[in-house]
Amino acid sequence: MASLARLRPRLAARRLIPSVRALQTSADSTQLHQDLPDDGSKPFTVKLHEDSFRAYHTDTPELEVEVTKDGLLKMYSQMTTMRRMEQAADALYKSKLIRGFCHLAIGQEAVAVGLESEITKDDKVITAYRCHPFAVLRGGTITGVLGELLGRQVGMSNGKGGSMHIFTERFFGGNGIVGAQVPVGAGIAFAQKYLEKPAATFAMYGDGASNQGQVFEAFNMAKLWNLPCVFVCENNKYGMGTSAERSSANTEYFTRGDKIPGIQANGMDIIATAQAVKYAREWAISGKGPLLLEFVTYRYGGHSMSDPGTTYRTREEVQRMRSTQDPIRGLQRYIEEWGVATEEDLKKLDKEAKATVDAAVEEAKASPEPFIKDLWSDIYYPGTEPPYMRGRERDEIHHY
Amino acid sequence: MLTPHFHPARIARRLAELQRCQSTAVEPPPAGGHLPSIATSKVLRTTRDSSLRTPGIQWKDEGSGAPTIVGGRETRKMNVYQAVRDAMSIALLKDDNAVVFGEDVAFGGVFRCTMGLAEEFGRERVFNTPLSEQGIAGFGIGLAAMGQTAIAEIQFSDYIFPAFDQLVNEAAKYRYRSGGQFNVGGLTIRTPTMSVGHGGLYHSQSPEGFFMGAAGLKIVIPRSPIQAKGLLLASIRDPNPVIFMEPKILYRSAIEQVPIDDYEIPLGRAETLVPGSDLTLVTWGTPVYHCETALSMLAEPPAALAPHVPAALRSAKVELIDLRTILPWDVETVLESVQRTGRLVIVHEASKTGGVGAEIAAEVQSKAFLKLNAPVRRVTGWDAPVGLVYEKFLIPDAIRILDATVETLSY
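How each quantity is defined
Residues numbered from 1 in each chain as written. Chains lettered and ligands numbered in written order. Predicted model: local features only at pLDDT ≥ 70, side-chain atom pairs only at ≥ 80, totals over all residues. Heavy atoms only, no water. Helix = DSSP H or I, 4+ residues; strand = E, 2+ residues; numbered from the N terminus. Rg over C-alpha atoms; globule rule 2.2 N^0.38 Å. Buried < 20%, exposed > 50% of the residue type's maximum accessible area, 1.4 Å probe, protein only. Contact = heavy atoms within 4.5 Å. Domains from an automatic or database assignment. Buried area = accessible area lost by both parts, 1.4 Å probe. Salt bridge = Lys/Arg side-chain N within 4 Å of Asp/Glu carboxyl O. Polar contact = N/O pair within 3.5 Å; in protein donor to acceptor, adjacent residues only side chain to side chain.

### Topic: the overall build of chain A
The number of helices and strands found in chain A is twelve helices and 13 strands. Over its C-alpha atoms chain A spans a radius of gyration of 22 Å, differing by no more than 12% from the 21 Å that the globule rule assigns to 400 residues. If you line up chain A on its principal axes, its C-alpha atoms span 75 × 60 × 50 Å. Evaluated residue by residue, chain A yields a buried proportion of 56% over its 400 residues. For chain A, long-range pairs separated by at least 24 residues make up 71% of all intrachain contacts whose partners lie at least 6 apart in sequence.

So, in structure tokens, the structure goes:
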């Protein structure tokens, strides 16, 4: 005991000295570096905090970033609208109009909006649970997402999917099986490479899914075949109700690709997020093969609607993140401090977002429930089905 | 009718004695010839003419005119692995977006099914994957979701279990859960299946039954080279994901004259190999040949078995059906047959509990209850792992099929 007691202070002291500089995740540490241009589409330079990125076997992205006034306002509008949409889903769920599963991305808006701002229509995205913002940004509609959650005909999968199953032409869906979308993303990237398209696939997963075996299978194949695939880990610090430290031996997710280089990025500052995506996309389409990109972010709500989100973390922690590192408030501060727009202008955007989402909620609610005939459609390609399928009860047989 | 009560083990013993005494005595072959085996099976089409007249064959080569024309077409002697290779070669030749991948396929694969394809079509299109089945399936699904033709190989169907999640949750449901926006119809998973005599626990299983509940998938099992080529081409071009299971013992042993042209054999249709009116015998893959042997034994039992096969049953006409597509299976053909014969015996290598036979039996009894003259009988592997030394006892053989046929006929 005596020897242990002697050891303890030394161990404690060592823990205080970080071996590497930690990533910082504040949402408002970017500095303006020049005078603001009058023209909204004219780029100006800002400088990110020097600890916005960390790199593994590669260099960090440039800290000096060119942005435009219009671009910042668009990001603000999109993030606000996405948060409004998720809040509407939350309310619809609590009023029992949405049933089943529902996973909200409130707090993680900078990842979806930042990603979309730096990729093209030819790039492909596939993700898992928190997929609603991606579906809208990648060509879907808010009505389509809310309609899907409500199980209505207007839903993006005609009510057949629900929360994790919404798709657009350039968005290969959310996914309900932890980690299953990652090798699928590798296959999508292979097709892009095979078809010689200068485009990248962003295969997204969470810190929880990062411990799935098939994620490593996908890493290996992607590096082996040099696929234009960016594996994006949205590290919101909790895989369901287990913190990253309690689930992963190595919580530096950007270093887990072995020979695949990685970037860790501040996922709360949207300018940093967008810069990291720009770097990753250029990496992938320049033929350098796959890249791991970890966004350190935070979800304000529980994992799903049945999780209050406060049994495995303190209310104070959530409150601290909301008040000090919120991506929308951070961007708001840049916009106001740099003089991009006034508080009034932003309030107008807030109102627009609310109106857009409110209208979508009404439209989705007004949509009819899915047609009974669609219970049996989309199982096999039309014309190749079996002669009949069994229905909900003994006498209900659907003949094709 | 009297029910002869006997035990299959006893018959097996008698047959073994019979074989032992034959092996030591130098006797001419029996007057009626030996029992049919894969080598002498009448099910196999060994002439050009019979090959070109394979029922249901659909010619797919351009400018072939009327789909029934057979004049001028050529055939070549092939076994199953050569026929499978031939099908993939045609698929790669005609479809630039087709790729073949799997463990060691660039070197020909363990069963030689991809011999020379990498040299012929390039390493970009025929390539080896790491040993990661779940990854292979997921990768293939992503590829197919982009509209490519993905022809993946899982080296043994016993190894398909790590990929089970991807196949059941992703491949089968991609179309449905996206409301028809995406599909992985371009995906075909080829995998060797069934027993080989000495494969043991992890090389002789038949996992088709595990996929029965996965609506959206198709499962196909061919019995011969002609069938393998035609069904594989149909599977590759089918707009749904297909798991194509190739009975591994037939790779080399089943030999036919196979048409060299591009043709398909439609999925979802069973084939009646032997017409009959007294009992319906449904099977697929390797046991097709055991069934043929059993029917021959029923008609002309060897001396050692004769006491156990009542004379009145020897003229029974048994209808032999090869199911070919296991999911979705051809209910109509099987039901139509059972409604005529009133008796059904199902033979498969997978174990009985929860096997495909259970599904067929349940559906037939619900649709033809009043027509049945005997309980539906299943001849299957035992509900046990495929133990190496027990494999021959575990897999249904001709004697057990004969036993079930006699009992069902005399019920």
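### Here we look at unusual backbone geometry
Trans is the prevailing form of peptide bonds, just as negative phi is the prevailing case for residues other than glycine. The omega torsion across Leu327(B) and Pro328(B) is -10 degrees, close enough to zero to call that bond cis. Phi is positive for Lys237(A), which is not a glycine, with a value near 80 degrees. The topology assignment puts Lys237(A) in the loop between strand 7 (229-235) and strand 8 (238-239). At Asp258(A), a position not held by glycine, the phi torsion is positive, near 60 degrees. Among the secondary structure elements, Asp258(A) is positioned in the loop between helix 8 (244-247) and strand 10 (262-266). For Asp258(A), a relative accessible area of 57% corresponds to the exposed category.

### Side note on the domain arrangement of chain B
Residues and elements named next belong to chain B. For chain B, the domain assignment lists domain 1 (48-264) and domain 2 (271-410). Relative placement of domain 1 and domain 2: their C-alpha centres are 27 Å apart. Taken residue by residue, the interface counts 31 residues in domain 1 and 26 residues in domain 2. Roughly 2200 Å² of surface becomes buried between domain 1 and domain 2 when both sides are summed, with 60% attributable to carbon and sulfur atoms. Put simply, domain 1 and domain 2 have two salt bridges between them. In this structure, Asp322 engages Arg223 in a salt bridge whose closest nitrogen and oxygen atoms are separated by 2.8 Å. Viewed at the interface, domain 2 and domain 1 are joined by 17 residue pairs in polar contact (both at pLDDT 80 or more).

### Here we look at the interface of chain A and chain B
Taken together, the 48 residues of chain A in the interface contact 51 residues of chain B. Between chain A and chain B, the buried area comes to about 3900 Å², and carbon and sulfur atoms account for 61% of it. Among the residues chain A hides against chain B, the three largest losses belong to Phe167(A), Tyr194(A) and Tyr380(A). Together they make up 17% of the total. In this structure, the connection of chain A to chain B is made through two salt bridges. For the salt bridge of Arg390(A) with Glu359(B), the shortest nitrogen-to-oxygen distance reads 2.9 Å. Going through the elements one at a time, strand 5 (124-126), helix 6 (181-194), helix 7 (213-224) and strand 12 (388-390) of chain A are the ones with two or more residues in the side of chain A that touches chain B. In terms of residue count, the dominant contributor to the side of chain A that touches chain B is helix 6 of chain A (nine residues).

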